[in-house]
Amino acid sequence: MMQGSSAEERLSRYLARFASAGALAYLVLLTPQIASQFGRLQPWYTPLFAFAIFGPALCLSFASFRWSLQRIRALVTVMAGAYVAGQVLWIPAFEGPSLGLTESAWIAVFPGLISVTTAIAWSNRAIFAYLVFVASFGQVVNYYSRIDHGNVPLFSDIVFGIMFCGLFTVTVTLVVRTGRILDTTRLAAETQAATAAASAARSVERERFDALIHDDVMSTLLSASRSGNSSALTAQSAAALARLDRLRSGIASTEPVGPDSFLAFLRSALTEVDDHIVIDADTADASGDFTLPMDAVRALSASAAEALRNSVRHAGENAERLARVRVGADSVRIDIRDDGCGFDPGSVAPHRLGLAVSITGRMRQLPGGSADVASEAGRGTTVTLTYRHPVGAR
């Protein structure tokens, strides 16, 4: 399972393992019953549906570790469809002799397990419609297969079956729904963090450009007062006005920058967190026309600063830190490393939004951006931020 998977996906994978274990338990417990009822059914029925139902169910455990969530959902749908087919075809396949009043058809014993498993793949409405059908039809199968129909309380058995299975199904459905809500909250937090970071970065840029423009305007006015009009003063005035127009229209905060300006922006963000951070920068492989959009500059700088801030907080007082920056022909890579206490990234709970929002989430919001966190208890932490120009962006 990927570290960056959503809460809903993690819960769905755990549920798949639970369902697979439940299917194994049912198979072990029902094997004598399945064998005893084999001769009462047409020969094709038992091997077909024992394999079609329990085969996918047992495969869910393996699939939960290896397959995409989309393929797992498809497997759940196959299993659920096979179970319905097994219930419906029981009636034409049943040849007798009839079951005793206390016996049950093996196909009708575990509708709750199948209904719970559908929470991985289906909407709530589809899950409960399926539950009502399989719980009800299972009792119809028992009613049809038993000796004395008149002594079988069919309606009350149906109501009990729906309510009993519904308790587990409702619980599991709420758990998966909670995962969806958590994912929605996480996405909103990521978006808000990215917006806040962009706003803060624009404020810093505006202050910097305000200072530059202030200098241009003052210089132009002083030149005019001292030497009067000239071609040089005209050019100087035009440059100052152009900068004013660009600032007013917001171009100054969105135009791309070269490697040197990017490194200056990044260095400012990092040293604001740690004055002593060692920054190893290499722009030798950058092409002559290489530029970075300001969105990428902001996201990379803010994410790197947050990674460094986390290191300062958690790596330990004696930890040493290094920032390595490599600007390539069309990409940027930043490694924030420390040799501190480290941690297990896989043990970070899905509801802990700090790392997910401020670093991986922010970089995921950036087209062409990505983040990776590598750490191990006692062996330090490395946060790697990468950006590559999206295809067609240049």
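Reading the values: the criteria
Residues numbered from 1 in each chain as written. Predicted model: local features only at pLDDT ≥ 70, side-chain atom pairs only at ≥ 80, totals over all residues. Heavy atoms only, no water. Salt bridge = Lys/Arg side-chain N within 4 Å of Asp/Glu carboxyl O. Helix = DSSP H or I, 4+ residues; strand = E, 2+ residues; numbered from the N terminus. Phe/Tyr/Trp six-rings, centres within 6.5 Å; stacked < 30°, edge-to-face > 60°. Buried < 20%, exposed > 50% of the residue type's maximum accessible area, 1.4 Å probe, protein only. Lys NZ or Arg CZ within 6 Å of the ring centre and 35° of its normal. Core = buried A, V, L, I, M, F, W, Y, C linked by side-chain atoms within 4.5 Å. Pairing = 2+ DSSP bridges. Axes fitted to C-alpha atoms, helices over the stretch in contact; angles between N-to-C directions. Contact = heavy atoms within 4.5 Å. Expected span 1.5 Å × (residues − 1). Bend = angle between axes of the 7 residues up to and from the residue. Patch = residues over 30% accessible without salt bridge, like charges linked within 9 Å, V, L, I, M, F, W, Y side chains within 5 Å. Areas by Shrake-Rupley, 256 points an atom, 1.4 Å probe, with all protein chains shown as cover.

Visitor: I tried to follow the pattern of salt bridges on my own but got confused; where do I start?
Guide: Once their charged atoms are close, side chains differing in charge can pair, the charge on each being opposite to the other. The tally for this structure, following the rule as stated, stands at eight salt bridges. Put simply, Arg 13 and Glu 9 hold a salt bridge, and the shortest N to O gap is 2.7 Å. Here the residue Arg 13 and the residue Glu 9 both occupy positions in helix α1 (residues 7-36), the gap between them amounting to four residues, near one helical turn. Its salt-bridge partner being Arg 298, residue Asp 295 comes within 3.0 Å of it at the nearest N-O pair. Here Asp 295 and its partner Arg 298 are both found in helix α9 (residues 294-314), three residues apart, which amounts to about one turn of the helix. By sharing partners, the salt bridges in this structure join Asp 280, Asp 282, Arg 324 and Arg 326 into a single network.

Visitor: What is the right way to read the packing of aromatic side chains from this model?
Guide: Aromatic rings considered in pairs are described by the distance between their centres and by the relative angle of their planes. One pass over the full model with this rule turns up eleven aromatic pairs. Centre to centre, the rings of Tyr 26 and Phe 110 are 5.6 Å apart; their planes meet at 40°, and the pair counts as tilted. Of this pair, Tyr 26 sits in helix α1 while Phe 110 sits in the loop between α3 (69-93) and α4 (111-117), and the two are 84 residues apart along the sequence. Its relative accessible area of 1% is what places Phe 110 among the buried residues. Ring geometry for Trp 44 against Tyr 45: centres 5.8 Å apart, planes inclined by 65°, an arrangement best described as edge-to-face. Every member of this aromatic cluster is reached through a ring pair, and the members are Trp 44, Tyr 45, Phe 49, Trp 90, Phe 94, Trp 106 and Tyr 144. Sitting over the face of the ring of Trp 67, Arg 71 holds its NZ or CZ atom 4.1 Å from the ring centroid.

Visitor: For this particular structure, what's the right way to read the nonpolar core?
Guide: In summary, soluble globular proteins display a tendency toward joint burial of nonpolar side chains. Judged by nonpolar contacts, the single largest core of 43 residues is most densely connected at Trp 90, Trp 106, Ile 107 and Phe 110. Per-element accounting of this core gives the leading share, ten residues, to α3. Membership of the second largest hydrophobic core comes to 31 residues, among which are Ile 277, Leu 292, Val 373 and Val 383.

Visitor: Sorry if this is basic, but what is going on with the sheet that holds strand β3 (residues 331-338) here?
Guide: Within a sheet, each strand pairs with its neighbour through backbone hydrogen bonds, oriented either parallel or antiparallel. The strand order across the open sheet built from five strands is β1-β2-β3-β5-β4, with neighbouring strands paired in mixed fashion. The open sheet terminates on both sides in strands that have one partner only, identified here as β1 (278-282) and β4 (369-375). The average undirected angle you get between the axes of adjacent strands in this sheet is 10°. Where helix α8 (residues 259-273) meets the sheet, its contacts fall on β1, β2 (321-327) and β3, and the angle it forms with β2 comes to roughly 165°. Along the sheet face, α9 touches β2, β3 and β5 (381-388) and points at about 10° away from the line of β3.

Visitor: Quick question: what am I supposed to make of the pairing of β5 here?
Guide: A regular strand carries its side chains on alternate faces of the sheet. Bridge analysis of β3 against β5 gives eight bridges, and the strand direction is antiparallel. Directly across from Val 332, in β5, lies its bridge partner Tyr 387. Judged from the seven bridges that link them, β4 and β5 form a sheet pairing that is antiparallel. Within the sheet, the bridge partner assigned to Val 373 lies in β5 and is Val 383. Taking the residues between adjacent antiparallel strands as the criterion, β4 and β5 are bridged by five residues, where Gly 378 takes a positive phi near 85°.

Visitor: Looking at this model, I keep getting lost on helix α5 (residues 124-145). Mind explaining?
Guide: An α-helix turns once per 3.6 residues; consequently, residues spaced three or four apart project the same way. In this model α5 runs 32 Å from its N-terminal to its C-terminal C-alpha over 22 residues, within 8% of the 32 Å that 1.5 Å per residue would give. Of the positions making up α5, those classed as buried are Ile 127, Tyr 130, Leu 131, Val 134, Ala 135, Ser 136, Phe 137, Gly 138, Gln 139, Val 141, Asn 142 and Ser 145.

Visitor: Just to check I follow, could you spell out α3 for this structure?
Guide: A rise of 1.5 Å per residue sets the reference length of α3, with its 25 residues, at 36 Å; its end C-alpha atoms lie 35 Å apart and thus fit the reference within 8%. If you look at α3, its biggest bend is around 25°, right at Gln 87. Among all positions in α3, only Leu 69, Ile 72, Leu 75, Val 76, Met 79, Ala 80, Ala 82, Tyr 83, Gly 86, Gln 87, Trp 90 and Ala 93 are buried. Tucked into the core, α3 has its buried residues touching α1, α2 (45-66), α4 and α5.

Visitor: Which parts of the structure should I look at to understand a nonpolar patch on the surface?
Guide: There is a patch of nonpolar side chains on the surface, built from Trp 44, Leu 48, Val 88, Leu 89 and Phe 133 and spanning about 410 Å² of accessible area. With respect to the helices and strands, Val 88 occurs in helix α3.

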